Amino acid sequence: MTKYCDLIIPIKDALDNIKPCLNSIIKYTDYPHKIILVDDASDRYTKDFLRHFCHAHSNVGLIENSQNLGFVKSSNKGLQIAHGDFVVILNS
């Protein structure tokens, strides 16, 4: 069985940071991975971008918080669904 890594990225707005972060992961990560985006009640523009990104990449999942839980609780929500052999929590 192939090993893979789950990358958990909690997000609260900050499109100027998250776009290059995600593009860099897609461009430079050769190791098998899945990306778990945790939207922490971001604005409409961020939500729309994340939904589009998720639909454009089969290895990306999205959790949407209805209220801002903060970095730690959002990270924990991502950890609850992570199944990778390795898990990395990123701050964009």
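The structure under discussion appears in the preceding block.
Treat the numbers as computed from the prediction; the structure is a model and nothing was measured.

Before we move on, could you go through the packing of aromatic side chains and cite the residues and values that matter?
With the rule as written, the count across this model stands at two aromatic pairs. Between the aromatic rings of Tyr31 and Phe86, the centroid separation amounts to 6.2 Å while the plane-to-plane angle is 65°, which identifies the pairing as edge-to-face. Remark: Phe86 occurs in strand 4 (residues 86-89) and Tyr31 occurs in the loop between helix 1 (15-28) and strand 2 (33-40); sequence separation between them is 55 residues. We classify Tyr31 as partly exposed; its relative accessible area is 40%. For Phe86, a relative accessible area of 41% puts it in the partly exposed group. One residue, Lys34, lies across the ring of Tyr4, its end atom 4.8 Å from the ring centre. The ring centre of Tyr45 lies 4.6 Å from the NZ or CZ of Arg44, which sits over that ring.

Outline the sheet that holds strand 1 (residues 5-11), listing residues and values.
Spatially, four strands are ordered 3-2-1-4 in an open sheet, and the strand pairing comes out parallel. Of all strands in the sheet, those with a lone pairing partner are strand 3 (60-65) and strand 4, marking the two edges. Ignoring which end each strand starts from, the neighbouring axes of this sheet average 20° apart. Examined bridge by bridge, strand 1 and strand 2 share seven bridges and lie parallel to one another. Paired with Leu7 across the two strands is Ile35, which belongs to strand 2.

Mind laying out the packing of helix 1 against helix 2 (residues 44-56), listing which residues take part and the relevant values?
Direction vectors running N to C along helix 1 and helix 2 enclose 10°, while the axes themselves pass 11 Å from each other. Judged by the inter-axis angle, helix 1 sits roughly parallel to helix 2. Between helix 1, through Leu15, Ile18, Lys19, Leu22, Asn23 and Ile26, and helix 2, the contact on the second element is made entirely by Tyr45, Thr46, Phe49, Leu50 and Phe53. For the contact of helix 1 with helix 2, a count of residues per class yields eight nonpolar, two polar and one charged.

Basis of the calculations
- Residues numbered from 1 in each chain as written.
- Predicted model: local features only at pLDDT ≥ 70, side-chain atom pairs only at ≥ 80, totals over all residues.
- Heavy atoms only, no water.
- Phe/Tyr/Trp six-rings, centres within 6.5 Å; stacked < 30°, edge-to-face > 60°.
- Helix = DSSP H or I, 4+ residues; strand = E, 2+ residues; numbered from the N terminus.
- Buried < 20%, exposed > 50% of the residue type's maximum accessible area, 1.4 Å probe, protein only.
- Lys NZ or Arg CZ within 6 Å of the ring centre and 35° of its normal.
- Pairing = 2+ DSSP bridges.
- Axes fitted to C-alpha atoms, helices over the stretch in contact; angles between N-to-C directions.
- Parallel < 35°, antiparallel > 145°, perpendicular 65-115°, else oblique.
- Contact = heavy atoms within 4.5 Å.
- Nonpolar A, V, L, I, M, F, W, Y, C, P; charged D, E, K, R; others polar.

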